[in-house]
Structure formats: C-alpha cells, structure tokens
Amino acid sequence: MILIIAAIFTSACTEPIDIELDSTYDRLVVEGAVTTDSMNHYVILSITSDYFSHSHSPRIAEAFVELSFGSETIQLIENEGVPGLYEAPYAFRGVIGTTYDLDISQVDVDQDGVEEFYNASSTMAGGSELHYIELKYYPSSFASGYAVFMYANHPPEQRDWFGFKLSKNGILLTNSLSEYSVMSDDIFDDGYFPGIPVGFLSDDETEQEVFPGDTVTFELDCIEEAYYNFVIEAQTEIAGYYPLFSGPPSNVISNISNGALGVFAAYSVQRTYAIAE
C-alpha cells in the first residue's frame, strides 16, 4: 500500500503545467553609469521582451542621448557596430558630489507615432576610504577556498551604501547583476569596517579557484540608495519567489522617468589587491 501511495504522489508531482503569460506594452530599458574611472562612459538602450522569449531584447537605434553635469553637456554617440550602445566621445572621470543628468529623446518605444522623452539623475557618492583587503584560506570538506575581508573607513555622520566586485588575475568574477554584492552601513555606526567579509572564492569553481601567487583585486563602489534598492529588488526577481506559487512579482524599481525600466547610476570606485600565499 505504501508503494502505491508513493507512486501516486510521485506521478502527481511530475505532471506538466502549462503557464500562459500575456504580453504587455513595450517599455524602454536603460543600463548606464558614470564612475570615477577614466573611460568613455556609455548607456545601453533596449526594449522589454516577453518572459519566455528566446531572443535578446531588441536594441533602440538612432536615439538622441545627452549627459549633462555642471555646465557641461555631452552627446553620446551610437556605436556603429553595436546598435543601442551610446558612448561618450572622449574619456573622462566622474567627480564625487556631482549630479549627472541623462536625457533620452527621439524614440518611439510604443510605436504610436509620438516621440517620447526620458530622464534620469544620479549624484555621485563618495567619502569612504578603502585601506586594504586580507585573504584567508579556509580548508573544508564542505566548501574550501579563500575568504576576502575588507578594511575601510567611512564618515560616521554620513549614510552610505556600497557595492563589491572581485577580480582574479585581471579577470572580473562578479560580472553579472546576480553576483554584485551590495551593503548599507547600518551596522557600522563608528565609521570603521573592521575586516568584514566581502567575498568567497571557492575551490570548487574553476574560474574562482585561487592558487598561491594569484592576484585578487577588490573594488569598492560608493553607490546611491536608489542603485542599492535597484540591485536588491533585481536580485530578488532573479532568484525567484518562494513558495513557487506565491503572489505575482512587481517591476523592479527604476530611477528612469516616464515608466521606463533599468537604472542610471553615478558612483565612485576604489580598488586594492592582495596576492594569495
């Protein structure tokens, strides 16, 4: 009898379920940032696609994109070989405390014959001071590898939000939004980060495995609260909701006007490295 009941429940659990999701109207998706790195900063424009779409989201070509800060305005030029990629015509460094405004026009995302205008604004955060990182190896039958610890200061009277990235021998390991770690300074009121864990490089992952002599580089990003909230909500959407049939998710918060999705961010960058022993 027990075997019969088990067989019934097993067959019930493997019954296929067809989920039909309705299409909705198209929205603009913006991905862009200005940092303290000297580079040709860029913005990527695309259009939303259906959840079960097997193709990349279509890019938006021939838009008019401007970046303004202080008394300066730069027109971002579309890359000839990559539609939807708009780049600054020259390299520059972002400045802490400066507000950067992104304006996007000459686009008709909903194809109703009327061009739309979109705007986003971000003020570059800063003030924290990255001192150094420490690598500690932890052998374990469960998950062995190098843990990365950060030592840094930040103004105790200032509310801060941070992002962390790790590279090994010049290759970025945290190269997707789901792997980008963010944190607020809520639990460190004295303004000092006393060797907090900011990453783990597992021996079980080929791209992460670190050997003596390898260089591990850590990047500390000082970000705005809006970017922090965007990352948290986006990672929640990527990970999925539990239980499986919980309420429907909502769109990830965005700082782009006119109902667009995505994010435009300005943040300062500091880096340091350590060599594994």
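Preceding this paragraph is the structure being described.
Everything numeric in this text was worked out from a predicted model, so none of it was measured.

With that settled, the discussion passes to the pattern of salt bridges. Applying the stated criterion across every chain yields a total of five salt bridges. In this structure, Lys 165 engages Glu 219 in a salt bridge whose closest nitrogen and oxygen atoms are separated by 3.8 Å. With Lys 165 in strand S10 (residues 161-168) and Glu 219 in strand S14 (residues 215-223), this pair connects stretches of sequence that are 54 residues apart. By the burial criterion, Lys 165 is buried, and Glu 219 matches it. With its nearest N and O atoms 3.1 Å apart, the salt bridge here joins Arg 271 to Glu 219. You can see Arg 271 sitting in strand S15 (residues 261-275) and its partner Glu 219 sitting in strand S14, a full 52 residues away along the chain. For Arg 271, a relative accessible area of 45% corresponds to the partly exposed category.

To continue, consider the layout of surface pockets. Gaps between atoms show up when a probe of the same size as a water molecule is rolled over them. In this model, the second largest pocket occupies a volume close to 230 Å³. What lines the second largest pocket is a set of 14 residues, among which Leu 173, Thr 174, Glu 179, Phe 200 and Gln 208 lie closest to the centre. Among the elements of the structure, S10 and strand S13 (192-202) are those that each provide at least two residues to the lining of the second largest pocket. Counting residues per element, the lining of the second largest pocket draws most heavily on S13, at four residues. Of the residues in the lining of the second largest pocket, the class split is six nonpolar, five polar and three charged.

Turning our attention to the nonpolar core. Counting 28 residues, the largest nonpolar core has Leu 28, Leu 45 and Ile 104 as the members making the most contacts within it. Those elements that place two or more of their residues in this core are strand S1 (28-35), strand S2 (42-47), strand S3 (64-69), strand S4 (72-78), strand S6 (99-107), strand S7 (116-123) and S15. In terms of residue count, the dominant contributor to this core is S6 (four residues). Excluding residues within four positions of it along the chain, Leu 28 makes contact with Leu 45, Ser 46, Ile 60, Ile 104, Val 109, Tyr 118, Ala 260 and Leu 261. Listed in part, the 25 residues of the second largest apolar core include Tyr 146, Val 148, Leu 166 and Met 183.

Right, let's talk about the pairing of S6 for a bit. Across five bridges, S3 lies against S6 in antiparallel orientation. Bridge assignment links Val 65 to a residue of S6, and that residue is Ile 104. Summarising the sheet, S6 and S7 pair through seven bridges and their orientation is antiparallel. Pairing of Ile 104 across the sheet is with Tyr 118, part of S7.

With that settled, consider unusual backbone geometry. Non-glycine residue Gln 106 carries a positive phi angle of around 60°. Summarising the element assignment, Gln 106 is placed in strand S6.

Pairing in this open sheet of three strands is antiparallel, and the strands run S8-S9-S13 from one edge to the other. Lying at the two open borders of the sheet, with one neighbouring strand each, are strand S8 (129-138) and S13. Direction aside, the axes of adjacent strands within the sheet are offset by 25° on average. Where S8 lies against strand S9 (residues 145-153), nine bridges are found, and the strand directions are antiparallel. Directly across from Glu 129, in S9, lies its bridge partner Asn 153.

Overall, the coordinates contain one cavity of 30 Å³ or more when judged by the stated rule. Considering the residues around the largest cavity, the lining is formed by Ala 33, Val 34, His 41, Tyr 42, Val 43, Leu 67, Leu 76 and Phe 264. Among the secondary structure elements, those contributing two or more residues to the lining of the largest cavity are S1 and S2.

Scoring rules and cut-offs
Residues numbered from 1 in each chain as written. Predicted model: local features only at pLDDT ≥ 70, side-chain atom pairs only at ≥ 80, totals over all residues. Heavy atoms only, no water. Salt bridge = Lys/Arg side-chain N within 4 Å of Asp/Glu carboxyl O. Helix = DSSP H or I, 4+ residues; strand = E, 2+ residues; numbered from the N terminus. Buried < 20%, exposed > 50% of the residue type's maximum accessible area, 1.4 Å probe, protein only. 1 Å grid on protein atoms, 1.4 Å probe; cavity = no way out; pocket = protein on both sides within 12 Å on 5 of 7 lines; lining within 4 Å. Points joined across faces, edges and corners; volume = space filled by probe spheres on them. Nonpolar A, V, L, I, M, F, W, Y, C, P; charged D, E, K, R; others polar. Core = buried A, V, L, I, M, F, W, Y, C linked by side-chain atoms within 4.5 Å. Contact = heavy atoms within 4.5 Å. Pairing = 2+ DSSP bridges. Axes fitted to C-alpha atoms, helices over the stretch in contact; angles between N-to-C directions.

Limitation: the analysis is restricted to geometry and does not speak to function.
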